[in-house]
Amino acid sequence: MDRIQFDPLKDTANIAKHGISLERAGDMRVLAIIEVDRQGLGEDRFQAFGLIDDLAHCLVYTERNKSLRAIILRRAPAKEIERHVKSTQK
């Protein structure tokens, strides 16, 4: 991806709810990516699982105009990361 975009209002809400800015999506060391199966969204969405500051995180995003559009960034339980990393290695 060339760059990361996000809605400033969503960023404020994400910080309030999850304690982290969507801007930090660029700092994620991605371990696994899966496509989100959600019909009716009008766009493909993905979940990236990885590490930010050595802590497990999940990023929900879409791709628009060669950019990553961050939607949600939250801490993820280690078991969630392990499950998705293992499923992508099969």
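All values derive from a computational prediction rather than experimental measurement.

1. Here's the deal with the side chain of Asn14
For step 1, the next point in the chain: Position of Asn14 relative to the elements: it lies in helix 1 (residues 8-18).
For step 2, the next point in the chain: Non-local contacts of Asn14, meaning those with residues more than four positions away in its chain, are made with Gly19, Ile20, Leu22, Ile71, Ile72 and Leu73.

2. Here's the deal with unusual backbone geometry
For step 1, the next point in the chain: A positive phi is found at Asp54, a non-glycine position, where the angle reads about 65°.
For step 2, the next point in the chain: On the secondary structure map, Asp54 appears in the loop between strand 3 (45-52) and strand 4 (55-64).
For step 3, the next point in the chain: Even without a glycine there, the phi angle at Lys66 is positive, about 60°.
For step 4, the next point in the chain: Here Lys66 shows up in the loop between strand 4 and strand 5 (67-75).

3. Observations regarding the pattern of salt bridges
For step 1, the next point in the chain: A full pass over the atoms with the stated rule returns 5 salt bridges.
For step 2, the next point in the chain: Here Asp27 ties to Arg24 by a salt bridge, and the two come within 2.5 Å at their closest N and O atoms.
For step 3, the next point in the chain: Classification of Asp27 by relative accessible area gives partly exposed; the value is 45%.
For step 4, the next point in the chain: With a closest N to O distance of 3.0 Å, Glu43 and Arg64 form a salt bridge. Pair noted here: Glu43 is in the loop between strand 2 (29-36) and strand 3 and Arg64 is in strand 4, with a separation of 21 residues, a long-range link.
For step 5, the next point in the chain: On the basis of relative accessible area, Glu43 is assigned to the partly exposed category, the value being 23%.

The rules we used
- Residues numbered from 1 in each chain as written.
- Predicted model: local features only at pLDDT ≥ 70, side-chain atom pairs only at ≥ 80, totals over all residues.
- Heavy atoms only, no water.
- Helix = DSSP H or I, 4+ residues; strand = E, 2+ residues; numbered from the N terminus.
- Contact = heavy atoms within 4.5 Å.
- Salt bridge = Lys/Arg side-chain N within 4 Å of Asp/Glu carboxyl O.
- Buried < 20%, exposed > 50% of the residue type's maximum accessible area, 1.4 Å probe, protein only.

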